[in-house]
Structure formats: C-alpha cells, structure tokens
Amino acid sequence: MSAAGRNGRPTREELGRSLLEMQAMTPDWLGAFEDVPRAAFLPEVMWPFDVATGRTVTVDKQQDPDSWQGYADSDVPIVTQWDDGTHEGPWPGRVSTSSASMPNVVFSMLRDLDVRPGQKVLEIGTGTGYNAALLAHRVGARNVTTMEVDAAVATTARTALERTGLPAHVVAGDGYAGHPDGAPYDRIVATCGLRQIPYAWVEQTRPGGLIVTPWGTHYTHRDAVARLTVGEDGTASGRIIRPVQFMKLRTQRLPFAGHASYVPENVTGNGEESVTRLDESAFAVDTLAPAPFAIGLRVPDCWHTVADKRDGMRPVWFYGLSDASWAVAIFRDGRPESKVYQSGPRRLWDEVEAAYGWWQEHGRPDYERFGLTVTPEEQFAWLDTETNRVTASRGPAPSAPGSSAASTPSYPASNAPG
C-alpha cells in the first residue's frame, strides 16, 4: 500500500530509508529491520502518539487496519499498556507503563550497543519483544536473554518471539538485579529509564563489555543514553550520548507524594520570600534541552514541574524527594524580577539558581560533555573528565530492589496555587 493510502504515513520501506538517512540505523542493521517487522509485536488495540495532533490516540486493527499498519510503520512511540495492566477499555489510561519505542530510538541504541554476531546480550525491559527480536536476528536467539517485570507482558512477548522464529530467552522478573544465571554478558542494554545503575549489571558484564542504558535524575522525567565500558578493575565508565525518554524501571519510579503533601494553600504566608532575576526561559524550555539535565545533576533528590502560563503568569515548582522542602518561582510577563517562595530543611530555589549559574559558567555544556562512572562503592557524574565530578558521590544501587516509590506517581496540577 502506498503512503497516500495510509493518510500520508510512511510505508515500512520508507521508514527504513528514513532511518538510514538520519543515521539512526546503520547499514548493518538493515537486514534485521527488513526481516523483523515491528507490526508482528504490536497488539491489535494500541495507543500511538499522533504527531499531527500531538496526542495519544486509540487505534484498533479490526476497525481500521490501514491506520493501524500506518502507525506500526511510522517513527512514533506506541503505548501498549496503561496503569501496570489494570486499565480497561479503548481509551488511554492514566499512566503509560509499557510501550514500543520510536524506531529511531530503537536503532540508535542498537548502534550504540555495537553488538557483534555471537555475543551474549542481556536486555532489561522486554516490552513487546521487538528489540529482543532484532538482537536475536543479529547474534542468534540462544545468545539473547531479555527480562520483563510484568508477567503478562513477558508472556505476550515470548509468544511473539516464538511466532517469528526468534525465540530469545524471556525471563519474567525484575531486571534490577540482572540475570546472573546467564552471566557473563558481552552487552547489557536497558529499555527503561534508571536513576541509579545497579552494580550487579557491572558484575555481570565481561571486562571490555558495554552497558547502554537510559539514565538521569529525578529532576525531570527525561533520560540520557549512557554508554559505559566495563573495566578490568570492576568499574564501568563512559560518556552520556544524547537525550531520550523512557518509562522508568519500576523500582526507580519518581517517589513523589503529590503537591498537596508539600505546599499549604497559603503559599505567600508559609514560604520565605525572595526575588530572582532569572527569566522563565531558564525553565520553560524544550524538555530535551541540556540545562535541566545539568541542574538535576547538581541538585539531587529534587523534582520540578513547569506549570502552564495563565494571564501572563507561570509558576515553576520544586519538591524535595528526601524531605518536605518545596519552592516556587512565579514568573510574570514583562517583569525583570520574579518572586520566589521556599520552605523546608533545604533552600531548593537557592540550589537550583546556583546550579543554573554553574551550567552557564562552564560554557552551557551539552549532554556529550558529561559522563558517568559506576564502581562497587559509588556512582557519580562528571564533566569532560572523570576527575571533574559534577555530583556528590552516591553509594551503589543495591543488588536487589528495595524501592519505596509508589507504583504510579502522583503529579501536581499545572494550575497549582501560585
């Protein structure tokens, strides 16, 4: 069917050419792309992101097979599960909890993984099974182990992998501790976002092997691809490559208790008042911009959200994740200064303002200037060189999960008081 027959969406062949042209997919992955159709791993009812409308839509293969196939062959993310499987009905649920990533993200990370035929690979986050199938096509199904925390999702993926003749080993379990029974691996790749990389993954990777994973801080929901090489000394270190966004590893979801648990109704009467000359453009930026990433590295255990602008006013909120600290900066159009209110054990706004100043003073570094190191004792980010630490040392992630994070985080409304 032509692109015109799919309401202007590309055909699979056109998608392949596009991925090659943007260099997301290297030519050596073209065979896997052609032999392993993404559509074979998608459910009949799915929720793709529609670029034209900027919204997630419902598409039923039985009711509209052309649109379903068109989205399957488009470079868009597709939600395949809501609310950890408790959602029912055709409409989108509250929180997306499993998906098929954009093909350009899938093949970019496979390019970063630099996997060779015959190497052993551990994937954390099976999802639909499409990524595991591509890996199995490349290295052989017996060399691929993929882990999925949701038993129902794992079963569906296993069925799809067997149906397509690429029966990678699917393990239903939490990939946080890796899969020591199959170690050591030449490559470990995660298709979920992390806030701390388990040292177990380093232990289960051969010296010289690679770990490729989305990683970041709780300051934003965005991640960045970290590509770490495991050394003979039992450490893993490497550069941050580029921004992405993935659903988070379930044991590392945002531990946010909700706006109301932090902030009283009378903000002005309960917060210490000050002013800032920072402009709202420091925060109301493209979510893939490097400034929020850098601020998150400098201000640990903090989450922020940028509210919608109303009547020329935009609040930007900050919440401490290890205590009850909060702050809000209230930006108004046409004013050179903005009021700030903050309360709690930490002066969150002061930390954020200082972090933004640090980012500017260091030449407004992009993602590629940052790096990450994981050792048995600690995990830390750095700028330009490993000796130039950006973050304070953090202890290693435990080898077994022990998160206090809620299964689905609660978010403040964009029109919160302020």
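See the structure printed just above.
The following paragraphs examine the structure supplied in this document. If you're wondering where the values come from, they're calculated on a predicted model, not measured in any experiment.

Cut-off values and rules
Each chain carries its own residue numbering, running from 1 in the direction its sequence is written. Where local features are concerned, this predicted model is filtered to residues with pLDDT of at least 70; where side-chain atom pairs are given and counted, the filter is 80 or more; whole-chain, interface and lining totals use all residues. Only hydrogens and water are removed before side-chain values are computed, so all heavy atoms of the structure are retained for them. Paired strands, as defined in this entry, are two strands with at least two bridges between them according to DSSP. Each helix is a run of H or I in the DSSP string that is no shorter than four residues. Each strand is a run of E no shorter than two, and both are numbered from the N terminus. Helix axes are fitted only over the stretch in contact, all axes being lines through C-alpha atoms; the angle between N-to-C directions runs from 0 to 180 degrees. Any pair of Phe, Tyr and Trp rings, taking the six-membered ring for Trp, is counted once the centres come within 6.5 Å. Such a pair is stacked with planes under 30 degrees apart, edge-to-face with planes over 60 apart, and tilted for the rest. Summary of the burial criterion: residues with accessible area below 20% of their type's maximum are buried, those above 50% are exposed, and those between are partly exposed, where the area comes from a 1.4 Å probe applied to protein chains only. The criterion for a charge sitting over a ring is simple: Lys NZ or Arg CZ within 6 Å of the ring centre, and within 35 degrees of the ring normal. The criterion used for residue contact is that any of the two residues' heavy atoms lie within 4.5 Å. Definition of a polar contact: a pair of N or O atoms within 3.5 Å, with one able to donate and the other able to accept a hydrogen when the atoms are protein atoms, and with sequence-neighbouring residues admitted only if both atoms are side-chain atoms. Roughly parallel refers to an angle under 35 degrees, roughly antiparallel to one over 145, roughly perpendicular to one between 65 and 115, and oblique to any angle outside these ranges. Take the far helix as your reference; a near helix turned counterclockwise from it by less than a right angle gives a left-handed crossing, and one turned clockwise gives a right-handed crossing. When residues are sorted by character, Ala, Val, Leu, Ile, Met, Phe, Trp, Tyr, Cys and Pro go into the nonpolar class, Asp, Glu, Lys and Arg into the charged class, and all the rest, Gly among them, into the polar class. Nonpolar core, defined: a set of buried Ala, Val, Leu, Ile, Met, Phe, Trp, Tyr and Cys residues in which side-chain atoms within 4.5 Å join the residues together. Expected span of a helix: the number of residues minus one, times 1.5 Å. Of all possible arcs, the one meant is that of the directions from the helix axis to the C-beta atoms.

## A short note on the sheet that holds strand β17 (residues 338-343)
No. 1: Spatial strand order, β13-β17-β16-β15-β14: five strands in an open sheet with antiparallel pairing. Single-partner strands in this sheet number two, and they are β13 (272-276) and β14 (302-306). When the angles between neighbouring strand axes are averaged without regard to direction, this sheet yields 20 degrees.
No. 2: With five bridges joining them, strand β16 (residues 326-332) and β17 adopt antiparallel strand pairing. Among the inter-strand pairings, I330 is bridged to a residue of β17, identified as K339.

## Some remarks on the packing of aromatic side chains
No. 1: Throughout the structure, instances matching the rule amount to 20 aromatic pairs.
No. 2: Judged by centre distance (5.8 Å) and plane angle (65 degrees), the rings of F33 and F107 are edge-to-face. With F33 in helix α2 (residues 30-35) and F107 in helix α4 (residues 103-113), the pair connects residues that are 74 residues apart, well separated along the chain. The same class applies to F33 as to F107, namely buried.
No. 3: Following the ring pairs from residue to residue traces out a cluster consisting of Y219, F283, F318, F331, W349, Y356 and W359.
No. 4: Directly above the ring of Y185 sits K120, whose terminal nitrogen or CZ lies 5.5 Å from the centroid.

## Section: the sheet that holds strand β8 (residues 169-172)
No. 1: Strands sit in the order β8-β7-β6-β9-β10-β11-β12-β18-β19 across an open sheet of nine strands; the sheet is mixed. If you trace the sheet from one side to the other, it starts and ends with β8 and β19 (379-383), each paired once. Taken over all neighbouring pairs, the strand axes of this sheet differ in orientation by 20 degrees on average, direction set aside.
No. 2: Running over the sheet, helix α6 (residues 151-163) touches β7 (144-148) and β8 and is turned about 170 degrees from β8.
No. 3: Contacting β10 (205-215), β11 (223-230), β12 (236-244), β18 (370-374) and β19, helix α9 (residues 290-298) runs over the sheet at an angle of about 35 degrees to β18.

## A word on the side chain of K248
No. 1: Checked against the element boundaries, K248 lands in the loop between β12 and α8 (267-270).
No. 2: Within the structure, the side chain of K248 is placed 2.7 Å from the backbone oxygen of H221, a separation counted as a polar contact.
No. 3: If sequence neighbours within four positions are ignored, K248 has contacts with C192, G193, R195, H221, D223 and R253.

## Some remarks on the packing of α9 against helix α10 (residues 348-361)
No. 1: The interhelical angle for the contact between α9 and α10, taken along N-to-C directions, is 120 degrees, at an axis separation of 9 Å. Taken as axis vectors, α9 and α10 run oblique relative to one another. When the axes of α9 and α10 are compared, the crossing they make is right-handed. Seen from α9, the contacting residues are P290, A291, A294, I295 and R298; seen from α10, they are V352, A355, Y356, W358 and W359.
No. 2: Residue classes in the contact of α9 with α10 are distributed as nine nonpolar, no polar and one charged.

## Quick notes on unusual backbone geometry
No. 1: Cis geometry is adopted by the peptide bond preceding P184, which originates at A183 and carries an omega value of 5 degrees.
No. 2: Mapped onto the secondary structure, P184 falls in the loop between β8 and β9 (185-190).
No. 3: Positive phi is not limited to glycine here, since Q23 has a value of about 65 degrees.
No. 4: As for its position among the elements, Q23 is in the loop between α1 (12-21) and α2.

## Some points on the nonpolar core
No. 1: Residues I124, W215, I240, F283, F318, W349 and F370 are the most contacted members of the largest nonpolar core, which totals 54 residues.
No. 2: Per-element accounting of this core gives the leading share, seven residues, to α10.
No. 3: In this structure, W349 is in contact with T276, L278, F283, F318, A327, A329, F331, V340 and Q342, ignoring residues within four places of it in sequence.
No. 4: Counting 37 residues, the second largest nonpolar core, distinct from the first, contains L19, F107, A154 and A160.

## As for α4
No. 1: The buried fraction of α4 is high, at 10 of 11 residues.
No. 2: Backbone geometry just after α4 places D114 at a positive phi near 50 degrees.

## Re α6
No. 1: The terminal C-alpha atoms of α6, which comprises 13 residues, lie 18 Å apart, in line with the 18 Å expected from a rise of 1.5 Å per residue.
No. 2: Regarding α6, the residues found buried are V153, A154, A157, A160 and L161. Down the axis of α6, the buried set is contained in an arc of 130 degrees. They therefore lie on one face. Residues of α6 that are exposed and point more than 90 degrees away from the buried face comprise A152, T156, E162 and R163.

## Some remarks on the packing of α4 against helix α5 (residues 130-139)
For any two helices packed against each other, one specifies the crossing angle of their axes together with the interaxial distance.
No. 1: At a closest axis distance of 11 Å, the pairing of α4 and α5 adopts a crossing angle of 40 degrees. Considering their axes alone, α4 and α5 lie oblique with respect to each other. Between α4 and α5 lies a crossing whose hand is right-handed. Every residue of α5 that contacts α4 at V106, F107, L110 and L113 is listed here: Y130, N131, L134 and L135.

## Describing the pairing of β12
No. 1: In the sheet, β11 pairs with β12 via seven bridges, with the strands oriented antiparallel. Following the sheet pairing, A224 is matched in β12 by P243.
No. 2: Hairpin remark: β11 followed by β12, antiparallel, with five residues in the connecting loop; positive phi at G234, about 85 degrees.
No. 3: In terms of strand pairing, β12 meets β18 through four bridges, oriented antiparallel. Residue pairing for β18: S237 is matched across the bridge by T373.

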